[in-house]
Amino acid sequence: AIIKTLRQAYVIVLEFKDIEDAYDIFERTNARGLDLNIDDLLKNHIFSKSENDEQTQETWEAIVEKAGGTLPRMLKYFWISRKWPIVKKVLYKSIKDYSSSLGVDKMIEELNEFANFYKLSYSADLKEMQKRCEDFWLQSISLNKAYCDDMARVFQALSLFKVTQPLPLIFSVLKSYRDAKVDNYKKLYAFLVAIENYHFNNNIITTRVWHDVEKLYADHSLVFYDTADRLSEVDRLIQLLRNKRSKKEEFVAKFTDICYDDGTAMLAYIFDKYNNYNKKWWQQKHVFDPDPTFL
């Protein structure tokens, strides 16, 4: 059957004088056959429109590396952070249209900035956090080890919980802080902890689904992305997350039934919280460590 199929196969060679025509035919032909991943289609579009192929190639490879094998998810969160929730089948067209209006080179610059942030979702160590804060021009945070350590631990917790839905919102809030040149770490950290506590309460302990908060994250991503004047929204957002948490009675009932047979990571995280509750950073002794060799 294989030999028969090969004998019936044939190859068509298409020659183009203009490289843009080749990219266009690639996209049109693919639309009538098997689906390519959005990363294949977007790469094709970017390289067909970019004015600096060498720089674009270098930046694109860096973006792919920072995505850590989850480029389609990263592209979705990139879009949510500045536009709105979207289904997979129209994501490519939406990003393509966005790049056409903005300019491909500007769009890939924005995408690379988001990729720098996205990498925190799976590599949130102290040095990485300091580097990301430097990239965001959050100098007062990047120069403070205690601040960076606090923020890194929030990202480590979200990674432990396998929660990525808040990432577009966190990105937009950090960008808003940067653009407004606001130096209010206490409020920023309270916002991050509110997200951590919400997901620990609702998804880890009371095992609720996360869908009820996804739209809230997307809506507030829009609020923060294009403005430097909405930092008062942080307080309102913190209160919204607190109101959405499971009630104390449900939490206590579920917490007493926790089974630790699945591994030591969650147990270490919980005891870490117990051990360091209301302690200053220099008094803390951490139990939880995301290093796989430790676990």
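Nothing here was measured: the structure is a model prediction, and the numbers come from that model. (Residues numbered from 1 in each chain as written. Predicted model: local features only at pLDDT ≥ 70, side-chain atom pairs only at ≥ 80, totals over all residues. Heavy atoms only, no water.)

**Overview of the overall build of the protein**
Secondary structure assignment for the protein yields 16 helices and zero strands. Out of the 295 residues belonging to the protein, those deemed buried represent 43%. Taking the contacts inside the protein whose residues are at least 6 apart along the sequence as the reference set, 66% of them involve residues at least 24 apart. As displayed, the protein has an accessible area near 17400 Å², and 53% of this comes from carbon and sulfur atoms. (Helix = DSSP H or I, 4+ residues; strand = E, 2+ residues; numbered from the N terminus. Buried < 20%, exposed > 50% of the residue type's maximum accessible area, 1.4 Å probe, protein only. Contact = heavy atoms within 4.5 Å. Areas by Shrake-Rupley, 256 points an atom, 1.4 Å probe, with all protein chains shown as cover.)

**Some points on empty space enclosed by the protein**
In the structure shown here, the tally under the stated rule is one cavity of 30 Å³ or more. Size it by volume and the largest cavity reaches roughly 40 Å³. Forming the walls of the largest cavity are Phe117, Leu120, Met129, Arg132, Cys133, Phe136, Leu138, Met151, Phe155 and Leu174. Elements with a minimum of two residues in the lining of the largest cavity: α8 (126-135) and α10 (145-160). (1 Å grid on protein atoms, 1.4 Å probe; cavity = no way out; pocket = protein on both sides within 12 Å on 5 of 7 lines; lining within 4 Å. Points joined across faces, edges and corners; volume = space filled by probe spheres on them.)

**Observations regarding the packing of helix α5 (residues 71-80) against helix α7 (residues 104-118)**
Viewed as axis vectors pointing N to C, α5 and α7 meet at an angle of 110 degrees, and their least axial separation amounts to 10 Å. Classed by the angle they form, the pair α5 and α7 counts as roughly perpendicular. Between α5 and α7, the residues in contact are Arg73, Met74, Leu75, Tyr77 and Phe78 and Met107, Glu110, Leu111, Phe114, Ala115 and Tyr118, respectively. Here the residues of the contact of α5 with α7 sort into nine nonpolar, no polar and two charged. (Axes fitted to C-alpha atoms, helices over the stretch in contact; angles between N-to-C directions. Parallel < 35°, antiparallel > 145°, perpendicular 65-115°, else oblique. Nonpolar A, V, L, I, M, F, W, Y, C, P; charged D, E, K, R; others polar.)

**A look at the pattern of salt bridges**
Applying the stated criterion across every chain, the model contains eleven salt bridges. Lys93 is the partner of Asp97 in a salt bridge, and the nearest nitrogen-oxygen pair spans 2.9 Å. Taken together, the positions of Asp97 and Lys93, both in helix α6 (residues 88-102) and four residues apart, correspond to about one turn of that helix. Accessibility expressed as a relative area gives 38% for Asp97, which makes it partly exposed. (Salt bridge = Lys/Arg side-chain N within 4 Å of Asp/Glu carboxyl O.)

**So, the layout of surface pockets**
Of the voids in this model, the largest pocket is the one considered here, and its volume is about 1500 Å³. Lining the largest pocket are 37 residues, and of these Tyr189, Val193, Asn197, Lys273 and Tyr277 lie nearest its centre. Of all the secondary structure elements, the ones that give two or more residues to the lining of the largest pocket are α10, α12 (185-205), α15 (248-255) and α16 (265-276). By residue number, the principal contributor to the lining of the largest pocket is α12, which donates ten residues.

**Some words on the environment of Phe271**
Within the secondary structure layout, Phe271 lies in helix α16. Classification of Phe271 as partly exposed rests on a relative accessible area of 45%. Sequence separation of Phe271 and His286 is 15 residues, and the distance between their C-alpha atoms is 8.8 Å.

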